Amino acid sequence: MERIGFIGLGSQGGPMAERIAAAGYPLMLWARRADALAPFLEKGATAAPDIATLGATCDHVGICVVDDAGVAEIVDQLLPAMRSGSRIVIHSTILPEHCVALAERCAERGIAFLDAPVSGGGPAAAAGTLTVMCGGAVDVFEAARPVLESFGGLIVRMGEVGAGQRAKIVNNALMAANMGLAHAAMEAGRALDLDGAALCGLIKASSGRSFGFEVYARLPTPGAFAHGAPLLRKDVGLLMTSLPDDAGAEALSRAAMPFLSAACGD
């Protein structure tokens, strides 16, 4: 079996790594904090002393860190160490253009590249039902698919490198916009003297419902979404960076930002 490396053991990446190990793959991990590795080592994973060692050892390296800067820092250390014919897979949500640039650097060294951001959060990762949106060559996608299937349910190749990121930021911007519209709808309901709990129950059973509304309806206040709002705001920003003059991107941002600002405490 391929030797798998994984970097980024957060609330989503951690369960993904657990699923990879459970599928029987030899798994090597690296983390800034050694204590973060302990639960995985108990389940048979090994720890790399540094990123370069992980890169030199593994055939497939998954990266699931927060942002572009984190991905760039890791890839800078991986590339000199990785063998020709090995593979880097980016599960982080970053700029599509950054993925294209990284793929070009990888190609110079004979390393395959796939961007494969995921949707579903920690619970879906633990259940093996994440949606995986991929961008890359068909042969790279097919080679990586068995690893992706260890934690993914719906796994879709969206196009060439960067296409997975483009799909992810559109999806997340729509989620943010739906939550923003839910916020506006409930504010309108209050202005019309409607009982908030009754209105929530009614909408969840009616044509105005959406997944975003259901998430919003569980929040006692927008501030209760402080854990997720910064990431959604980042992804809306990525969409606006990729499509600065696009009317659709502007409409999604305009719907999303009042709620995200409230949730972030701005």
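Quick caveat, the model's predicted, so the values are computed rather than measured. (Residues numbered from 1 in each chain as written. Predicted model: local features only at pLDDT ≥ 70, side-chain atom pairs only at ≥ 80, totals over all residues. Heavy atoms only, no water.)

**Points about the UniProt feature "domain: 3-hydroxyisobutyrate dehydrogenase-like NAD-binding" (unreviewed entry) in the chain**
Right, on to step 1. Within the UniProt annotation, "domain: 3-hydroxyisobutyrate dehydrogenase-like NAD-binding" (unreviewed entry) is assigned to residues 162-242.
Right, on to step 2. Between the C-alpha atoms that bound residues 162-242 the distance is 11 Å, and the span itself is 73% helix and 0% strand. (UniProt positions renumbered as here; feature names shortened; annotations may be inferred. Helix = DSSP H or I, 4+ residues; strand = E, 2+ residues; numbered from the N terminus.)

**Regarding the domain arrangement of the chain**
Right, on to step 1. Each assigned domain of the chain is listed with its residue range as follows: domain 1 (4-161) and domain 2 (167-264).
Right, on to step 2. Measuring from the centre of the C-alpha atoms in domain 1 to the corresponding centre in domain 2 gives 29 Å.
Right, on to step 3. Facing the 13 residues of domain 1 at the interface are 10 residues of domain 2.
Right, on to step 4. The largest contributions to the domain 1 side of the interface with domain 2 come from T93, L95 and M133, which together make up 50% of the buried area.
Right, on to step 5. Where domain 1 packs against domain 2, one counts 0 salt bridges. (Domains from an automatic or database assignment. Contact = heavy atoms within 4.5 Å. Buried area = accessible area lost by both parts, 1.4 Å probe. Salt bridge = Lys/Arg side-chain N within 4 Å of Asp/Glu carboxyl O.)

**As for the pattern of salt bridges**
Right, on to step 1. Within the structure shown, the criterion is met by 14 salt bridges.
Right, on to step 2. The partner of E2 in a salt bridge is R87, and the shortest N-O contact between them spans 2.8 Å. One end of the pair, E2, is in the segment before β1 (4-7); the other, R87, is in strand β5 (residues 87-90), and 85 residues separate them in sequence.
Right, on to step 3. Given a relative accessible area of 6%, R87 falls into the buried group.
Right, on to step 4. Close ionic contact of R157 with E160 constitutes a salt bridge, the shortest N to O distance being 2.7 Å.
Right, on to step 5. Among the residues examined, R157 registers a relative accessible area of 26% and is labelled partly exposed.
Right, on to step 6. Counted as one network, the salt bridges with shared partners bring together R3, D59 and R83. (Buried < 20%, exposed > 50% of the residue type's maximum accessible area, 1.4 Å probe, protein only.)

**Points about the pairing of β5**
Right, on to step 1. Burial along β5 is two-sided: R87 and V89 and I88 and I90, pointing in opposite directions, are all buried.
Right, on to step 2. Direction of pairing for strand β4 (residues 60-63) relative to β5: parallel, over a ladder of 4 bridges. The partner of V61 across the bridge, within β5, is I88.
Right, on to step 3. Handedness of the β-α-β unit built from β4, helix α4 (residues 68-78) and β5 comes out right-handed.
Right, on to step 4. By the bridge criterion, 4 bridges tie β5 to strand β6 (residues 112-115) in an arrangement that is parallel. Bridged to I88 within β6 is F113.
Right, on to step 5. In this view, the connection linking β5 to its parallel neighbour β6 by way of helix α5 (residues 96-108) has right-handed handedness. (Pairing = 2+ DSSP bridges. Right-handed = clockwise from strand over helix to strand, strands pointing away.)

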